[in-house]
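Geometric and topological summary
Here is what each chain is made of, one letter per residue.
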Amino acid sequence: MKTTMIRTGAAMGALLLAAPAFAQDITFWSWRQEDRAAYEQFIEAFEAANPGITVKFEAFEAANYNTILSTALAGGTGPDVMMVRAYGGLENVAAAGYLEPLSPENVPALAEFSAPSLAAESMRSDGTVYAVPFASQTQLVIYNTEIFEANGLEEPETWEDLVALSQTLKDAGVIPFANGTATAWQNETVTFGLGSSLIGEDFYDDLMAGEADFTDERFTSALAEVGELAAEYFPDGFIGLDYPSAQQLFSSGMAAMFVGGSYELATFKAQNPDIQLGVFAAPGETAEDAKLVGLYFDGGYAANAAGTNKEASLKFLNYLASAEFGQAFADTLQNISTVPGVTFEDPLLAEVNELNQSSIPYLMLAHFRYGEPSGSVLIQSEMQKLFAGETTPEAIGEALTTGLAAWYEPFQN
């Protein structure tokens, strides 16, 4: 762990409320099993600055976490503090009354958080915030800089450039993209990690204003471009290639690029400490088109509304919202912390943060996971069909619009 972990002196003490007069043990639940060591050190620093409070960290398997958490909260046995999802995932828990409402009154640092990060952890109906946002994630293209240099390649300025460099790699015997789509959610990642610039800000704005739907040619033409690129430059048999295998294909140096999230960077370095990485936003049709990444907020820290240790829980949330924690989170976990004022010592992370300044939301997660059918489920299944040659971009646009109209009012007219 880096020595930039949380300082526990007077500066930290000033951010936190006075220690309770009696010992309080609180539980803290997470789906980040792989981050246990880091969180145990974060907690150690908090406990040192707050004598009398003990935090027990428990991590669960990510795929089952939502069910485990909801069941526990409904049964009155949930944790004092918990990691919660964002957007629709947050609303499912907050709407049931399980989470303590937050504001600058009980967590003063929230006054400085960005509006989009707070919106991801709020109820749409009234704007009430229920969690301290902890990270943003960015969907983009990660590439092996040594392979690019060996083949005389530079980051592409246009979609045509991206196609051309992919062909150069293929001709040189290098797999251009490592991605496979057997793991369902990877279909969504590929679609928006490659297609955000093609889709464009104008379509996004019109979609949000209710002036466009997914049958719009700006959207369907982007799907067509993504589908053609995948068919030509993804690995042979990519439809049957699962996510872990695709990661290994890239980290081993057999493939030059990987469409994924900023959360992949630490994984690839762990798999291959010698790999040299770069990142870029997949371009649009022309060099003048804005190069956009897909951006979303990953989750937040919330307190149990029915918890018996609420004073200590809120004290812990104040710590999790502090600049000291945000900096340690970024330095230790190599993630983009949402805490204002955090700096990124790692050049690659700093570059991701810079790319985030030109972005559109990761579309289905940010806006279309609030009802059934979920936009994510629809795009994942439909794009799998497209990659297999079993549907068309236009049919996907119709399927998305019709499916989401079951609960999304702008599509019901």
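- With an unreviewed UniProt entry as reference, the protein is termed Extracellular solute-binding protein, source organism Devosia albogilva.
- UniProt, in its Sequence similarities (unreviewed entry) section for the protein, records the words "Belongs to the bacterial solute-binding protein 1 family."
- According to the UniProt record, the Subcellular location (unreviewed entry) comment for the protein reads "Periplasm".

1. Section: the overall build of the protein
- Counting its secondary structure elements, the protein contains 17 helices and nine strands.
- Taking 22 Å as the expected radius of gyration for a compact globule of 413 residues, we find that the protein reaches 22 Å, a close match to that expectation.
- Overall, the protein is about 70 × 55 × 35 Å in size when its C-alpha atoms are taken along their principal axes.
- Looking at the protein as a whole, 54% of its 413 residues are labelled buried.
- Of the roughly 16800 Å² that the protein leaves accessible, carbon and sulfur atoms contribute 50%.
- Averaging the coordinates of the 15 positive side-chain charges in the protein and doing the same for the 56 negative ones gives two points 9 Å apart.

2. Concerning the environment of Ala 212
- Of note, Ala 212 is situated in the loop between α8 (184–208) and α9 (217–233).
- Accessibility expressed as a relative area gives 11% for Ala 212, which makes it buried.
- Taking C-alpha positions, Ala 212 is 21 Å from Gly 193, a pair spaced 19 residues apart along the chain.
- When residues no more than four places from it in sequence are discounted, the contact partners of Ala 212 are Phe 203, Asp 206, Leu 207, Arg 218 and Phe 411.

3. Considering the environment of Asn 144
- Mapping Asn 144 onto the fold places it in strand β4 (residues 132–144).
- Here Asn 144 falls in the buried class, since its relative accessible area comes to 5%.
- In this view, Asn 144 contacts Phe 250, Gly 253, Ala 256, Ile 275 and Gln 276; residues no more than four positions away in its chain are not counted.
- A polar atom in the side chain of Asn 144 sits 3.0 Å from the backbone nitrogen of Glu 146.

4. Observations concerning the pattern of salt bridges
- In the structure shown here, the tally under the stated rule is 11 salt bridges.
- Note that Lys 291 and Glu 157 form a salt bridge whose closest N and O atoms lie 3.0 Å from each other. Linking Lys 291 in the loop between β7 (277–280) and β8 (293–303) with Glu 157 in the loop between α6 (145–150) and α7 (159–171), this pair joins segments that are 134 residues apart in sequence.
- Since its relative accessible area comes to 26%, Lys 291 is described here as partly exposed.
- A salt bridge links Glu 232 to Lys 170; the nearest nitrogen and oxygen atoms lie 3.0 Å apart. Residue Glu 232 is found in helix α9, and its partner Lys 170 is found in helix α7; the two are separated by 62 residues along the sequence.

5. Some remarks on the pairing of strand β1 (residues 24–30)
- Among the seven residues in β1, five count as buried, and that is most of the element.
- Two strands pair when backbone bridges link them, and β1 and strand β2 (residues 53–59) are joined in this way by seven bridges, in the parallel orientation. Each bridged residue has a counterpart across the sheet, and for Ser 30 the counterpart in β2 is Ala 59.
- Handedness of the β1-helix α2 (residues 36–49)-β2 crossover: right-handed.

6. Some thoughts on the packing of α7 against α9
- In contact at an axis separation of 11 Å, α7 and α9 are set at 10° when each is read in the N-to-C sense. Accordingly, the angle class assigned to the pair α7 and α9 is roughly parallel. From α7, Trp 159, Leu 162, Val 163, Ser 166, Gln 167 and Lys 170 reach across to α9, where they touch Glu 225, Val 226, Leu 229, Glu 232 and Tyr 233.

7. Considerations on the pairing of strand β3 (residues 81–84)
- The two faces of β3 match: Val 81 and Met 83 on one face and Met 82 and Val 84 on the other face are all buried.
- Across two bridges, β1 lies against β3 in parallel orientation. By the bridge assignment, Trp 29 is partnered in β3 with Met 82.

Conventions used here
Residues numbered from 1 in each chain as written. Predicted model: local features only at pLDDT ≥ 70, side-chain atom pairs only at ≥ 80, totals over all residues. Heavy atoms only, no water. UniProt positions renumbered as here; feature names shortened; annotations may be inferred. Helix = DSSP H or I, 4+ residues; strand = E, 2+ residues; numbered from the N terminus. Rg over C-alpha atoms; globule rule 2.2 N^0.38 Å. Buried < 20%, exposed > 50% of the residue type's maximum accessible area, 1.4 Å probe, protein only. Areas by Shrake-Rupley, 256 points an atom, 1.4 Å probe, with all protein chains shown as cover. Lys, Arg positive; Asp, Glu negative; His and termini not counted. Charge placed at Lys NZ, Arg CZ, Asp CG, Glu CD. Contact = heavy atoms within 4.5 Å. Polar contact = N/O pair within 3.5 Å; in protein donor to acceptor, adjacent residues only side chain to side chain. Salt bridge = Lys/Arg side-chain N within 4 Å of Asp/Glu carboxyl O. Pairing = 2+ DSSP bridges. Right-handed = clockwise from strand over helix to strand, strands pointing away. Axes fitted to C-alpha atoms, helices over the stretch in contact; angles between N-to-C directions. Parallel < 35°, antiparallel > 145°, perpendicular 65-115°, else oblique.

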